[in-house]
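Letter by letter, the chains look like this.
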Amino acid sequence: QTVVNKIAAGEIIVRPANAVKEMMENSLDAGSTDIIITIKNGGLDLIQIQDNGCGIRKDDLPIACERFTTSKINSFEDLTSLSSFGFRGEALSSISYIAKVKITTRTADAVCAFQMEYGLGQPLGLGKLCAGNVGTIITVENFFYNNPVRKSILSSPTEEYVRLAEFVTKYAVRYPNVGFTLKKFGQHVADIRTPPSSSTLENCKLLFGNTITRELVLVEGETDKYHCKVAGYVSNPNFSIKKITFLLFINGRSVDCNKLKRSLELIYAAHLPKNGFPFIYLSLELPPGLIDVNIHPTKAEVYFRFEEEIISFIVTLVQSKIMASQT
Ligand code: ADP
Ligand code: MG
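Residues numbered from 1 in each chain as written. Chains lettered and ligands numbered in written order. Predicted model: local features only at pLDDT ≥ 70, side-chain atom pairs only at ≥ 80, totals over all residues.

Student: Help me understand the overall build of the chain in this model?
Tutor: A count of helical and extended segments in the chain gives ten helices and 13 strands. With the principal axes as the frame, the chain shows a C-alpha extent of 65 × 45 × 45 Å. Sorting the 327 residues of the chain into buried and exposed places 36% on the buried side. Of the contacts made within the chain by residues no fewer than 6 positions apart, 66% connect residues no fewer than 24 positions apart. (Helix = DSSP H or I, 4+ residues; strand = E, 2+ residues; numbered from the N terminus. Buried ≥ 20, exposed ≤ 12 C-beta atoms within 10 Å, placed from the backbone. Contact = placed C-beta atoms within 7 Å.)

Student: What exactly am I supposed to notice about the nonpolar core here?
Tutor: With 74 residues, the main nonpolar core has Val20, Ile95 and Leu248 as its most contacted residues. No other element matches the seven residues that helix α6 (residues 157-174) contributes to this core. When we break this core down by domain, the ones giving at least three residues each are domain 1 (2-194) and domain 2 (210-326). When neighbours within four sequence positions are excluded, Val20 is seen to be in contact with Ile37, Gly43, Ile47, Leu164 and Phe167. (Core = buried A, V, L, I, M, F, W, Y, C linked by C-beta atoms within 7 Å. Domains from an automatic or database assignment.)

Student: What exactly am I supposed to notice about the sheet that holds strand β10 (residues 229-235) here?
Tutor: Strand-to-strand pairing in sheets goes through backbone hydrogen bonds, with the strands running parallel or antiparallel. An order of β9-β10-β13-β11-β12 is seen for the five strands of this open sheet, with the pairing classed as mixed. Across the chains shown, the open sheet's two edge strands, defined by having one partner strand only, are β9 (216-222) and β12 (253-254). Bridge count between strand β11 (residues 245-250) and β12: two bridges; the pairing is antiparallel. The residue bridging Ile250 from the neighbouring strand is Arg253, located in β12. (Pairing = 2+ DSSP bridges.)

Student: How should I be thinking about the site of ligand 1 in this particular structure?
Tutor: By nearness alone, 20 residues border ligand 1, and Asn26, Ala30, Thr70, Ser71 and Ala91 come closest of all. When residues of the shell around ligand 1 are traced back to their parent elements, those giving at least two are α2 (16-29) and α4 (91-98). Partitioned by chemical class, the residues of the shell around ligand 1 number six nonpolar, nine polar and five charged. (Near = placed C-beta within 6 Å. Nonpolar A, V, L, I, M, F, W, Y, C, P; charged D, E, K, R; others polar.)

Student: Would you take a moment to explain the packing of α6 against helix α7 (residues 200-208) for this structure?
Tutor: Between α6 and α7, the shortest axis-to-axis distance is 8 Å and the interhelical angle comes to 150°. In terms of orientation, α6 lies roughly antiparallel with respect to α7. For the pair formed by α6 and α7, the contact residues are Thr169, Ala172 and Val173 on the first element and Thr200, Asn203, Cys204 and Leu207 on the second. Residue classes in the contact of α6 with α7 are distributed as four nonpolar, three polar and no charged. (Axes fitted to C-alpha atoms, helices over the stretch in contact; angles between N-to-C directions. Parallel < 35°, antiparallel > 145°, perpendicular 65-115°, else oblique.)

Student: Explain unusual backbone geometry to me, please; I cannot follow it from the model alone.
Tutor: In most cases, non-glycine residues show a negative phi, while peptide bonds are predominantly trans. Despite not being glycine, Asn142 has its phi angle at roughly 55°, a positive value. Among the secondary structure elements, Asn142 is positioned in the loop between β6 (135-141) and α5 (148-152). Although it is not a glycine, His227 sits at a positive phi angle of roughly 55°. Residue position: His227 is located in the loop between β9 and β10.

Student: Is there a simple way to think about the sheet that holds strand β7 (residues 179-184) in this case?
Tutor: The sheet built from eight strands is open, its strands ordered β5-β4-β3-β6-β2-β1-β7-β8 with mixed pairing. Each end of this open sheet is capped by a strand with a single partner; those strands are β5 (122-130) and β8 (192-194). If you compare each strand with its neighbour and ignore which way they point, the axes differ by 15° on average. Summarising the sheet, β7 and β8 pair through three bridges and their orientation is antiparallel. Following the sheet pairing, Leu182 is matched in β8 by Ile192.

Student: What is the right way to look at the pairing of strand β13 (residues 279-285) in this model?
Tutor: Regular strands show a simple pattern: their side chains alternate between the two faces of the sheet. Counted residue by residue, β13 has six buried out of seven residues, so it is predominantly covered. When β10 meets β13, the two strands line up antiparallel, connected through six bridges. Bridging across to β13, Val230 finds its partner in Leu284. Here six bridges tie β11 to β13, and the two strands are oriented parallel to one another.

Student: Whenever I open this one, the environment of Glu220 confuses me. Can you help?
Tutor: Mapped onto the elements of the fold, Glu220 is located in strand β9. As a C-alpha pair, Glu220 and Tyr233 span 13 residues in sequence and 8.6 Å in three-dimensional space. The residues contacting Glu220, other than those within four sequence positions of it, are Val230 and Ala231.

Student: Mind showing me how you'd approach the packing of α2 against α6 here?
Tutor: Any two packed helices are characterised by the angle at which their axes cross and by the distance between the axes. The geometry of α2 relative to α6 is characterised by a closest axis approach of 8 Å and an angle of 25° between their N-to-C directions. Judged on the interaxial angle alone, α6 and α2 are roughly parallel. Along this stretch, α2 crosses α6, giving a crossing that reads as right-handed. Residues Pro16, Ala17, Val20, Lys21 and Met24 of α2 form the contact with α6, whose participating residues are Glu160, Arg163, Leu164, Phe167 and Tyr171. Looking at the contact of α2 with α6, its residues break down into seven nonpolar, no polar and three charged. (Left-handed = near helix turned anticlockwise from the far one by under 90°.)

These values are about where atoms sit, not about what they do.
In structure tokens, the structure reads:
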């Protein structure tokens, strides 16, 4: 059982950036409005994520890192919508199989916080009472300490940091009502700091600069047929950047969809210089039933039904918005 879980864990959490993404999503699910992430050595030595969400009840803490344990399924409908992004109750468990995990958490009705450490999906010891605010602090130390092969194929700490910072940036754009902070351990000045109750455009200014943000065009629309809602910002075709920036969310989760990315790039190809690329941020809401639920958790690439139709709807919508911005 342990071996199976360990192998599964290594497939779900392949690098620090995956762990950061999973834990940010948990903090968002817990209703947090402030998420502070501290990183040491590209996440290899330490990932700490502190939130002000609902916390985990003391009684639930011993099973928090057990595989397939989740507090998020209440009905079949929940099941289909949650499973659309891979896995239920596997993230924390997987992380505990490849690193040392410590959770300090307090719910609103508890008089103090409770802390527990984990290894291989199990609590180490009985945990202890401690001081703490309402919310959760999770520390992940010694990434891949028990898997030198996996560790050796990671990039440099600097590169791993860049990858996890990209996720924090994406979520800060998508969730402007939540404050995000990303900093290196021991550093006073944060590398990313967005205020809570901001807006997507304000956060784009902070994260990508004024120059790009001035060129962004609002995209909004909805298909009647597939109940697909689209919202976002794309750069106008008179403006280009050196590398494509493509931020895609489906039902609130950051995903990749190369087919959509390539189709959107094509709209710009006619307008932009050879080495010029667009900025595209889109957030889609799709009925969970349209998303392929059998997708493997590590694959951020998403597939959905009526893909051709939905992609062509999005392409037409983006095209019309950028054309309108030209006049
Ligand atoms: P899932 O998100 O699929 O439920 P996870 O392994 O990511 O599974 O998390 C397991 C459980 O731990 C969650 O269902 C939730 O109850 C709890 N949890 C994890 N992180 C947090 C957090 N930051 N705040 C509150 N609860 C959390
Ligand atoms: Mg989760």
